[in-house]
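One letter stands for each residue in the lines below.
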Amino acid sequence: MKKLLMLAMASATFAATAENTVMSAPPASGQAPATTITSSNLQITNTPPEPVNAASNGGLYFGVGAGMGWNDQSAPAATFRLDGGYSFDQYWALEVGTTGLTQSGGTYNQNMQYYDLSVKGTLPLGEVTSLFAQVGGAYGAPGADAGSFPSNPAQADSHVSSWNFMSGVGMEVNLTKNIAMSLSDLYYYGPSAGVQGNTNVLLLGVKYQM
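What you see is a predicted model; the values in this text were computed from it and never measured.

Rules used in this analysis
Residues numbered from 1 in each chain as written. Predicted model: local features only at pLDDT ≥ 70, side-chain atom pairs only at ≥ 80, totals over all residues. Heavy atoms only, no water. Core = buried A, V, L, I, M, F, W, Y, C linked by side-chain atoms within 4.5 Å. Buried < 20%, exposed > 50% of the residue type's maximum accessible area, 1.4 Å probe, protein only. Helix = DSSP H or I, 4+ residues; strand = E, 2+ residues; numbered from the N terminus. Salt bridge = Lys/Arg side-chain N within 4 Å of Asp/Glu carboxyl O. Phe/Tyr/Trp six-rings, centres within 6.5 Å; stacked < 30°, edge-to-face > 60°. Lys NZ or Arg CZ within 6 Å of the ring centre and 35° of its normal. Pairing = 2+ DSSP bridges. Contact = heavy atoms within 4.5 Å.

Participant: Sorry if this is basic, but what is going on with the nonpolar core here?
Facilitator: One broad rule of soluble globular proteins: the nonpolar side chains tend to lie buried together. Core analysis: the largest hydrophobic core is formed by 10 residues, namely Ala77, Leu101, Met112, Tyr114, Ala138, Met166, Leu186, Tyr188, Val201 and Leu203. Put simply, the parts of the chain that give this core at least two residues each are strand 4 (108-124), strand 7 (179-189) and strand 8 (199-209).

Dropping the structure here:
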């Protein structure tokens, strides 16, 4: 019995010595020492994604668009627009622009150029899509004309520049952080719209947000 007890104690001592030797053994040559991962050195970084819409930070933007336009006297005609503005945040902006309408096929055939200033409100529907509406004033400048214009005084009025009301609605889709595509419907109207009458333009555009 005493021999068995001594044998068991010797076995336990040998096992403890072997375990301590393995735990304290240095790494083999050419190998990096093992790193123990504990809760104290484990860090989790939660970085929020960068917003797609740069207008959320405010700043200048520029845009260009092309499409079709109509008014009270003319058939559909090619329309072009240049605009730019300043976004105070992702909801409000102040915009200036110019829209040109090249008349074709109407009884009173005349080019029109509008210069507008408007307040633009935007409703984000997420990081990619947003809706917008704008309202302001526009200065309409008649251009070259052709065809049969009505007799005075309407004919005289057709060559006089005038102020008009302006409104618009549309949708934007952000392609990148700085570039967005837009579909807009602008309307120039009022008693001072001239012989051509109220003008409606439908535009497909691209905007660059700085």
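Participant: For this particular structure, what's the right way to read the pattern of salt bridges?
Facilitator: Pairs can form between side chains of opposite charge once their charged atoms are near each other. As enumerated under the stated definition, the model contains six salt bridges in all. Note that Arg81 and Glu95 form a salt bridge whose closest N and O atoms lie 3.1 Å from each other. Pair noted here: Arg81 is in strand 2 (residues 77-87) and Glu95 is in strand 3 (residues 92-101), with a separation of 14 residues, a long-range link. Its relative accessible area of 5% is what places Arg81 among the buried residues. The shortest N-O distance in the salt bridge between Lys120 and Glu172 comes to 3.5 Å. Remark: Glu172 occurs in strand 6 (residues 162-174) and Lys120 occurs in strand 4; sequence separation between them is 52 residues. Glu172 shares its class with Lys120; the two are buried.

Participant: Would you mind showing me how to read the packing of aromatic side chains here?
Facilitator: Aromatic ring pairs: the centre-centre distance and the angle between the two ring planes describe each pair. Across all of its chains, the model carries five aromatic pairs by this definition. Judged by centre distance (5.4 Å) and plane angle (75°), the ring pair of Tyr86 and Phe88 falls under edge-to-face. Here Tyr86 falls in the partly exposed class, since its relative accessible area comes to 39%. When its relative accessible area of 52% is taken as the criterion, Phe88 is described as exposed. Joined through ring pairs, the aromatic side chains of Phe165, Tyr187 and Tyr189 make up one cluster. Sitting above the plane of the Tyr61 ring, Lys207 keeps its charged end 4.8 Å from the centroid.

Participant: Before we go on, may I ask you to explain the pairing of strand 1 (residues 59-71) in this structure?
Facilitator: On a regular strand, one side chain projects to one face of the sheet and the next to the other, so that they alternate. Of the pairings in the sheet, the one linking strand 1 to strand 2 comprises 11 bridges and is antiparallel in character. Of the residues in strand 2, the one forming a bridge with Gly63 is Asp83.

Participant: What exactly am I supposed to notice about the pairing of strand 8 here?
Facilitator: The alternating pattern of strand 8 places Thr199, Val201, Leu203, Gly205, Lys207 and Gln209 on a buried face and Asn200, Leu202, Leu204, Val206 and Tyr208 on a face that is not buried. As paired strands, strand 1 and strand 8 are joined by 11 bridges and run antiparallel to one another. Across the sheet, residue Gly65 finds its bridge partner in strand 8, namely Gly205. The pairing of strand 7 with strand 8 spans 10 bridges and is antiparallel. By the bridge assignment, Ala180 is partnered in strand 8 with Lys207.

Participant: What is the right way to read the environment of Tyr187 from this model?
Facilitator: Here Tyr187 is to be found in strand 7. Distance from Tyr187 to Phe165, taken between C-alpha atoms, is 8.2 Å for residues 22 residues apart in sequence. Not counting chain neighbours up to four residues away, the residues in contact with Tyr187 comprise Phe165, Met166, Ser167, Asn198, Thr199 and Asn200.

Participant: Where do I start with the environment of Asn178 in this structure?
Facilitator: Considering the arrangement of structural elements, one finds Asn178 in the loop between strand 6 and strand 7. Using a relative accessible area of 26% as the deciding quantity, one classes Asn178 as partly exposed. The sequence separation of Asn178 and Lys207 amounts to 29 residues, and the corresponding C-alpha distance is 8.0 Å.

Participant: Would you take a moment to explain the environment of Leu202 for this structure?
Facilitator: One can find Leu202 in strand 8. A relative accessible area of 40% places Leu202 in the partly exposed class. Residues Leu202 and Gly65, spaced 137 residues apart in sequence, show a C-alpha to C-alpha distance of 9.4 Å. In this structure Leu202 touches Ala66, Gly67, Met68, Trp70, Leu183, Ser184 and Asp185, once residues within four positions along its chain are discounted.

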